[in-house]
Amino acid sequence: MEIDLEFYSPVHQIKNKLFDEQGINVFIKRDDLIHPIISGNKWRKLKYLLKKARAENKSHLVTFGGAYSNHLLATAAAAAQFGFKSTGIVRGEAVNNDTLFLCRLHGMQLLFTDRESYRDKPALFDKYFAGDPEAIFIDEGGASPEGAKGCSELVNELPQTYHHIFCACGTGTTAAGIINGIHQHNLPTQFHAVPVLKNGDFMKVEINKLLAPPVNFELHTEYHFGGYGKTNDELIDFIKQFVAETGILIEPVYTGKMLYAVYDLAAKGYFKPGENILAIHSGGIWGLLGMKEKFGKIL
Ligand SMILES: *Cc1c(COP(=O)(O)O)cnc(C)c1O
């Protein structure tokens, strides 16, 4: 089967009082609608990795992630859809949860590994699959030049030119791809990366590794809420209000933090009247399954 998905990822405008007062237009690109499981940037990142696997006659995708990884789940579903076997090497002791249940349901084999060994992913691949000519290594989160190439295609789909584009970053692959796309189209758009990890300055280096050629972008390192997967009441309240007001589902690990940044910067008068701002909804709403208890009373 040809490795491609026909998908729907429209741009919607978000209307509210804050944006009206600031005289700005805020839009959201609905990559969350690409596929229920192979959602958002995960499909974009996997597309050329899967094409490469197919071209090299590799029939077994081996990849890595934490127990709530959107990437593991997307890889499991993409493998099933396009006729690959899949193995997920999972960080930490053997557990079961909703995400891993869905991975298994899509036929993914799971191997758990301690946090120490998890650091050296090529060594783990060799440990289990060194002699397997069918197996191909796919890095955690789909981080790769192929992943960035897939993400650059998002820019081809934009219906207008924006002054600003915002995106959440974990590995920085998606951000790098979009920046490359902006450059390829010669757009005057300013790109803003919002790292979801603490000490996000390192993201500059990670993104720069995948840029061709180097391009300036903004990095907003103050919206990590304590680190990867961490939240607080302010973020949870923001998400509850956003979902209830817009009908657009977001989660606290990535898109929630990025959108919080957009609203916070808007409230601080960061944008000029008349500016058009695009936020990328990078999908991953299954991540909510690991965060239910954080939502407190509404459960
Ligand atoms: C994985 C993920 C990201 C991070 O993408 P990177 O390319 O690793 O920076 C962002 N948003 C969502 C919803 C994700 O699942």
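Criteria and cut-off values
- Per chain, residues are indexed from 1 in the order of the written sequence.
- Local features are withheld for residues below a pLDDT of 70 in this predicted model, meaning they are given only at 70 or higher, and side-chain atom pairs are given and counted only at 80 or more; totals for whole chains, interfaces and linings count all residues.
- Values reported for side chains reflect all heavy atoms of the structure, with hydrogen atoms and water molecules removed beforehand.
- One bridge is not enough; two strands pair if DSSP finds at least two bridges between them.
- Strands here mean DSSP runs of E at least two residues long; helices mean DSSP runs of H or I at least four residues long; both are numbered from the N terminus.
- To sort residues, take the accessible area from a 1.4 Å probe on protein chains only and compare it with the maximum for the residue type: under 20% means buried, over 50% means exposed, and anything in between is partly exposed.
- The convention used is that axes are lines fitted to C-alpha atoms, helices contributing only their stretch in contact, and that angles between N-to-C directions extend from 0 to 180 degrees.
- Every residue pair with non-hydrogen atoms within 4.5 Å of one another is taken to be in contact.
- It suffices for a single heavy atom of a residue to lie within 4 Å of a molecule or strand for the residue to be listed as near it.
- Here a polar contact means two N or O atoms within 3.5 Å. Within protein one must be a hydrogen donor candidate and the other an acceptor candidate, and residues neighboring in sequence count only if both atoms are side-chain atoms.
- Here the open area of atoms and residues is found with the Shrake-Rupley method and a 1.4 Å probe, where only the protein chains shown may cover a residue.
- Residues are grouped as follows: nonpolar covers Ala, Val, Leu, Ile, Met, Phe, Trp, Tyr, Cys and Pro; charged covers Asp, Glu, Lys and Arg; every other residue, Gly included, is treated as polar.
- Either an automatic procedure or a domain database provided the assignment from which the domain bounds are taken.

**Details of the sheet that holds strand β2 (residues 25-30)**
On the basis of which strands lie adjacent, the open sheet formed by 6 strands has the order β1-β2-β10-β7-β8-β9 and mixed pairing. Of all strands in the sheet, those bounded by a partner on one side alone are β1 (11-14) and β9 (218-219). Relative to strand β10 (residues 276-281), strand β7 (residues 164-169) is paired through 3 bridges, and the arrangement is parallel. Within the sheet, the bridge partner assigned to Phe166 lies in β10 and is Ala279.

**Some points on the environment of Ala130**
If you trace the backbone, Ala130 turns up in the loop between α6 (121-129) and β6 (135-137). For Ala130, a relative accessible area of 59% puts it in the exposed group.

**Things to note about the sheet that holds β6**
With parallel pairing, 4 strands are arranged side by side in an open sheet as β5-β4-β3-β6. Of all the strands in the sheet, the pair left with one neighbour each is β5 (109-113) and β6. If you compare each strand with its neighbour and ignore which way they point, the axes differ by 25 degrees on average. The pairing of strand β3 (residues 60-65) with strand β4 (residues 85-91) spans 6 bridges and is parallel. Each residue of the ladder has a partner; that of Val62, found in β4, is Thr87. Its contacts with the sheet put helix α3 (residues 70-82) on β3 and β4, and the angle it makes with β3 is roughly 165 degrees.

**What about the site of the ligand?**
Looking at the ligand, there are 14 residues lining it, with Lys42, Gly170, Thr171, Thr174 and Ser282 nearest. Here an oxygen atom of the ligand sits 2.6 Å away from a polar atom, N or O, in the side chain of Thr171. Within the side chain of Thr174, one N or O atom sits 2.6 Å away from an oxygen atom of the ligand. Against a free-state accessible area of 390 Å², the protein chains account for coverage of 98% of the ligand. Among the elements of the structure, α2 (41-55) and α8 (173-184) are those that each provide at least two residues to the shell around the ligand. With 3 residues, α2 is the single largest residue contributor to the shell around the ligand. Residues of the shell around the ligand, tallied by class, amount to 2 nonpolar, 10 polar and 2 charged. In terms of domain composition, the shell around the ligand takes at least three residues from each of domain 1 (11-37 + 145-295) and domain 2 (41-142).

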